Amino acid sequence: MGKNLWTEGEKGDRLKIFSAYNADEEAEFVIARIQDWIEQGGRASEVAVLYRSNAQSRLFEQALLREDIPYRVYGGLRFFERAEVKDAMAYLRLVHNPHDDPAFERVVNLPARGIGERTVALVRDRARQHGQSLYQAASALCQSGGFSARAGNAMAAFLALVNELAGTHADSALGEAMDAVIKRAELVAWYQSREPADRAEAREENLAELVRAADSFSQPFEDEQAGLSPTASFLSQAALEARRTSG
């Protein structure tokens, strides 16, 4: 089909190409250009960053937050607000602290392992009655036979997974621990089994980026001085980034 393309617009600045050494340098270059624009009187709302894949937004978000430049992610969620990232982070939180009740509730049946709402309600009731965490209550019910056979086996397998990860990777590097959590929880296979291929692939890319984020995490000096472990510091920083408003 023939087309006659034309424009009456005036010629603008020529495009510039920057060849970055890696993704971190690429993000730093882009954010530095935005800073220059703002310092010259431009507005942040007049700038758009187009990136190649959904997972790539993390590095741009991280650099923007570091330089205190407000931003919005259009057509999607910020990196640490994405469901698959929150799922993996909940597992890491639970491995780091098994008494984290919100993390327990989020992943106790994710991927689906036959632990229904009635089973979780039993755990909640036991926790309330005895002043226990959900993890403690679930362990006690498993030991006392408080579940049906099927639910008890499923819950025992889940608790064993948490204990295994906590024991095996207690002293592992942060990136290695994050990778182990995602693989042992079989999160990628779970998304692949229930979502279209393109969406499952995007989730897999985000999880891979989460592993890279953990692997390259640099613990703030103040967290180290406060006696926080690298995992606790990473979880804290991720929670902070997820809560910060875009302005």
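Only a predicted model underlies this, so the values are computations on that prediction, with no experimental measurement involved.

Engineer: What is the right way to look at the overall build of the protein chain in this model?
Structural biologist: Within the protein chain, the regular secondary structure consists of twelve helices and zero strands. Each helix and strand of the protein chain, ordered N terminal to C terminal, gives the series α-α-α-α-α-α-α-α-α-α-α-α. Relative to a compact globule of 247 residues, whose C-alpha radius of gyration would be 18 Å, the protein chain shows 23 Å and is clearly more extended. C-alpha atoms of the protein chain, sized along the principal axes, occupy 80 × 55 × 30 Å.

Engineer: What's the story with the pattern of salt bridges in this structure? I'm lost.
Structural biologist: When their charged atoms lie close together, side chains carrying opposite charge are able to pair. Evaluation of the coordinates by the stated rule reveals 15 salt bridges. Between Arg93 and Asp100 there is a salt bridge whose closest N-O contact spans 3.1 Å. Through salt bridges that share partners, Arg58, Glu209 and Arg212 make up one connected network.

Engineer: In this structure, what is going on with the confidence of the model for the protein chain? I would like to understand it.
Structural biologist: The predicted coordinates should not be examined in detail at positions where pLDDT is low. Summing up the model confidence of the protein chain, the mean pLDDT is 88 and the portion of residues at 70 or higher is 96%. For the protein chain, the element scoring lowest by mean pLDDT is helix H11 (residues 221-225), at 68; helix H4 (residues 101-107) scores highest, at 95.

Engineer: Mind showing me how you'd approach the nonpolar core here?
Structural biologist: It is characteristic of soluble globular proteins that their nonpolar side chains tend to be buried jointly. Counting residues in hydrophobic clusters, the biggest one holds 49 residues, and the most contacted among them are Phe104, Met155, Phe158 and Met178. Among residues more than four places away in sequence, those in contact with Phe158 are Tyr91, Leu94, Phe104, Val107, Val108, Arg113 and Ile115. If you look at the next biggest cluster of nonpolar residues, it comprises eleven residues, including Ala27, Leu59, Leu65 and Ile69.

Engineer: Honestly, the packing of helix H6 (residues 134-144) against helix H7 (residues 149-168) in this entry has me stumped. Any pointers?
Structural biologist: Packed helices, taken two at a time, are described by the angle between their axes plus the distance between the axes. Their axes nearest at 10 Å, the elements H6 and H7 cross at an angle of 130°. Overall, the two elements H6 and H7 adopt an arrangement that is oblique. Seen along the crossing, H6 lies across H7 with a hand that is left-handed. For the pair formed by H6 and H7, the contact residues are Tyr135, Ala138, Ser139 and Cys142 on the first element and Gly152, Met155, Ala156, Leu159, Val162 and Asn163 on the second. A breakdown of the residues in the contact of H6 with H7 according to their chemical character gives seven nonpolar, three polar and no charged.

Engineer: How should the environment of Ala238 be read in this particular structure?
Structural biologist: Topologically, Ala238 is positioned in helix H12 (residues 230-243). With a relative accessible area of 5%, Ala238 lands in the buried category. Sequence separation between Ala238 and Ile69 is 169 residues, and the spatial gap between their C-alpha atoms is 18 Å. Among residues more than four places away in sequence, those in contact with Ala238 are Phe80 and Met89.

Engineer: What should I look at first to understand helix H5 (residues 117-130) in this one?
Structural biologist: Count 3.6 residues to each turn of an α-helix, and residues three or four apart come out pointing the same way. Between its first and last C-alpha, H5 extends 20 Å over 14 residues, near the 20 Å set by a 1.5 Å rise per residue. Of all the positions in H5, only Thr119, Val120, Val123 and Ala127 are classed as buried. All buried residues of H5 fall inside an arc of 100° around its axis, so they share one side. The exposed set on the far side of H5, more than 90 degrees from its buried face, consists of Glu117, Arg118, Arg128 and Gln129. Lining the buried residues of H5 we find H4, H6 and H7. Gly131 sits one or two residues past H5 and shows a positive phi near 60°.

Engineer: Explanation requested: H6 in the structure shown.
Structural biologist: Every buried residue of H6 is accounted for by Leu134, Tyr135, Ala137, Ala138, Ser139, Ala140 and Leu141. Of the surrounding elements, those touching the buried residues of H6 are H4, H5 and H7. Positive backbone phi, approximately 75°, marks Gly145, located one or two places after H6.

Engineer: I keep staring at the packing of helix H3 (residues 83-96) against helix H8 (residues 174-184) and nothing clicks. Help me out?
Structural biologist: At a minimum axis distance of 10 Å, the contact between H3 and H8 shows a crossing angle of 110°. Here H8 runs roughly perpendicular to H3, going by the angle between their axes. Viewed along their axes, H3 and H8 form a crossing whose handedness is right-handed. Of H8, the residues touching H3 (which contributes Ala88, Met89, Tyr91, Leu92 and Val95) are Met178, Val181 and Ile182. Of the residues that constitute the contact of H3 with H8, the class distribution is eight nonpolar, no polar and no charged.

Cut-off values and rules
- Residues numbered from 1 in each chain as written.
- Predicted model: local features only at pLDDT ≥ 70, side-chain atom pairs only at ≥ 80, totals over all residues.
- Heavy atoms only, no water.
- Helix = DSSP H or I, 4+ residues; strand = E, 2+ residues; numbered from the N terminus.
- Rg over C-alpha atoms; globule rule 2.2 N^0.38 Å.
- Salt bridge = Lys/Arg side-chain N within 4 Å of Asp/Glu carboxyl O.
- pLDDT = per-residue confidence, 0-100.
- Core = buried A, V, L, I, M, F, W, Y, C linked by side-chain atoms within 4.5 Å.
- Buried < 20%, exposed > 50% of the residue type's maximum accessible area, 1.4 Å probe, protein only.
- Contact = heavy atoms within 4.5 Å.
- Axes fitted to C-alpha atoms, helices over the stretch in contact; angles between N-to-C directions.
- Parallel < 35°, antiparallel > 145°, perpendicular 65-115°, else oblique.
- Left-handed = near helix turned anticlockwise from the far one by under 90°.
- Nonpolar A, V, L, I, M, F, W, Y, C, P; charged D, E, K, R; others polar.
- Expected span 1.5 Å × (residues − 1).
- Arc of directions from axis to C-beta.

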